[in-house]
Amino acid sequence: VRDFATQALALPDNNSYRVYADIGRSQVAWNVVATPEFSLAPEEWCFPVAGCVPYRGYFSHERAQRFAAALKQDRLDVRVAGVAAYSTLGWFADPVFSSQLRRSDADVAALIFHELAHQKLYRRGDAAFNESFATVVEAEGLRRWLAHGNDAAALDNVLRNKTRHVQFVELLLKFRARLETLYASALPETQIRAAKAQHFEALRAEYAVVRRHWDGYTGYDAWFAQDLNNAHLASVGLYHQYVPAFQKMLASVNGDLPAFYRLARTLSRLPAAERGARLAELGIK
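Residues numbered from 1 in each chain as written. Predicted model: local features only at pLDDT ≥ 70, side-chain atom pairs only at ≥ 80, totals over all residues. Heavy atoms only, no water.

Q: What is the right way to look at the packing of helix α5 (residues 152-183) against helix α8 (residues 230-240) in this model?
A: Running from amino to carboxyl end, α5 crosses α8 at an angle of 120 degrees, the nearest separation of the two axes being 10 Å. As judged from the angle between their axes, α5 and α8 are oblique. Considering how the two elements wind past one another, α5 and α8 form a crossing that is left-handed. Residues His-165, Val-169, Leu-172, Leu-173, Arg-176, Leu-179 and Tyr-183 of α5 form the contact with α8, whose own contacting residues are Asn-230, Leu-233, Ala-234, Val-236, Gly-237 and His-240. Taken together, the residues that form the contact of α5 with α8 break down as 8 nonpolar, 4 polar and 1 charged. (Axes fitted to C-alpha atoms, helices over the stretch in contact; angles between N-to-C directions. Helix = DSSP H or I, 4+ residues; strand = E, 2+ residues; numbered from the N terminus. Parallel < 35°, antiparallel > 145°, perpendicular 65-115°, else oblique. Left-handed = near helix turned anticlockwise from the far one by under 90°. Contact = heavy atoms within 4.5 Å. Nonpolar A, V, L, I, M, F, W, Y, C, P; charged D, E, K, R; others polar.)

Q: Before we go on, may I ask you to explain the state of the cysteines in this structure?
A: One way to say it: the disulfide is the covalent bond shared by the sulfur atoms of two cysteines. According to the stated counting rule, one finds 1 disulfide in the structure shown. Between the sulfur of Cys-46 and that of Cys-52 lies a disulfide, 1.9 Å long from S to S. Taking the sign of the S-S torsion, 100 degrees for the link of Cys-46 and Cys-52, the bridge is right-handed. What makes Cys-46 exposed here is its relative accessible area of 52%. Under the relative-accessibility criterion, Cys-52 is labelled partly exposed at 26%. (Disulfide = S-S within 2.5 Å. Buried < 20%, exposed > 50% of the residue type's maximum accessible area, 1.4 Å probe, protein only.)

Q: Explain the nonpolar core to me, please; I cannot follow it from the model alone.
A: Judged by nonpolar contacts, the single largest core of 41 residues is most densely connected at Leu-11, Phe-133, Phe-246, Phe-260 and Tyr-261. With 9 residues, the top contributor of residues to this core is helix α4 (residues 127-148). Leu-40, Leu-172, Leu-179 and Leu-228 belong to the second largest nonpolar core, which has 22 residues in total. (Core = buried A, V, L, I, M, F, W, Y, C linked by side-chain atoms within 4.5 Å.)

Q: Help me understand the packing of α4 against helix α9 (residues 243-252), please; the structure alone is not making it clear to me.
A: The description of two helices packed together rests on the angle between their axes and the distance between the axes. The geometry of α4 relative to α9 is characterised by a closest axis approach of 9 Å and an angle of 50 degrees between their N-to-C directions. If you check the angle between α4 and α9, you find them oblique. In this structure, the crossing between α4 and α9 has a hand that is right-handed. Contacts from Phe-129, Ser-132, Phe-133, Thr-135, Val-136 and Glu-140 in α4 reach Val-243, Phe-246, Gln-247 and Leu-250 in α9. Tallied by class, residues from the contact of α4 with α9 come to 6 nonpolar, 3 polar and 1 charged.

Quick look at the structure:
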């Protein structure tokens, strides 16, 4: 997988993901995401290298929970989520962690492609750009990896799961848009709070309908079993906001990844407002 990433996907050639580390815990780290009660805009924390990001990460689950509890005291919607991997952006040789090897081979490959994409291109302070770009590289890399191995069964399974994931994301984005409309309204807070709760119940109900067509697949049941709030939907927008735009950019160069990387890098150099407008325009064309 690591050699394929460099040779076939033009991703960085270094020592990242060529060593193994037993970390002795279930997750690499935990991210705390927080939003106001009536907003889907996440709080941000700023750091010297990564810039401002819409989460705060901890290597200790206990510390993450303590920080989350403090944020809840300020009446913020909060989510604590396990982190499968992270990238030091090429500053260090990132390892494959023991917690990741509980995943399928395809999932491990996708994870490596995603994190190497961050080393390839990272726009400081623009998490939506970075994660959408890496998500597209991950998906294209995994498709090519499975096709390269002639594993038709695995590719078919990945494509089925991708279809389910697209339906999952579309469902969340639909309710995200409904909540944004609600929060922008002039209704009294008590009515907004009640309507918010109704929207989250309706989200669960619609998921149950969608799930009936998944041949018994239960991969998202645990997500919906959580005490859902704005913070859960904020993260979805982060990873998928610009995916359609990057997919169209890749198609425009007929799948030529080096050419795609050059286009994305040129786009990354634009001022934030211009970059966002261009990506939004690409996404709806």
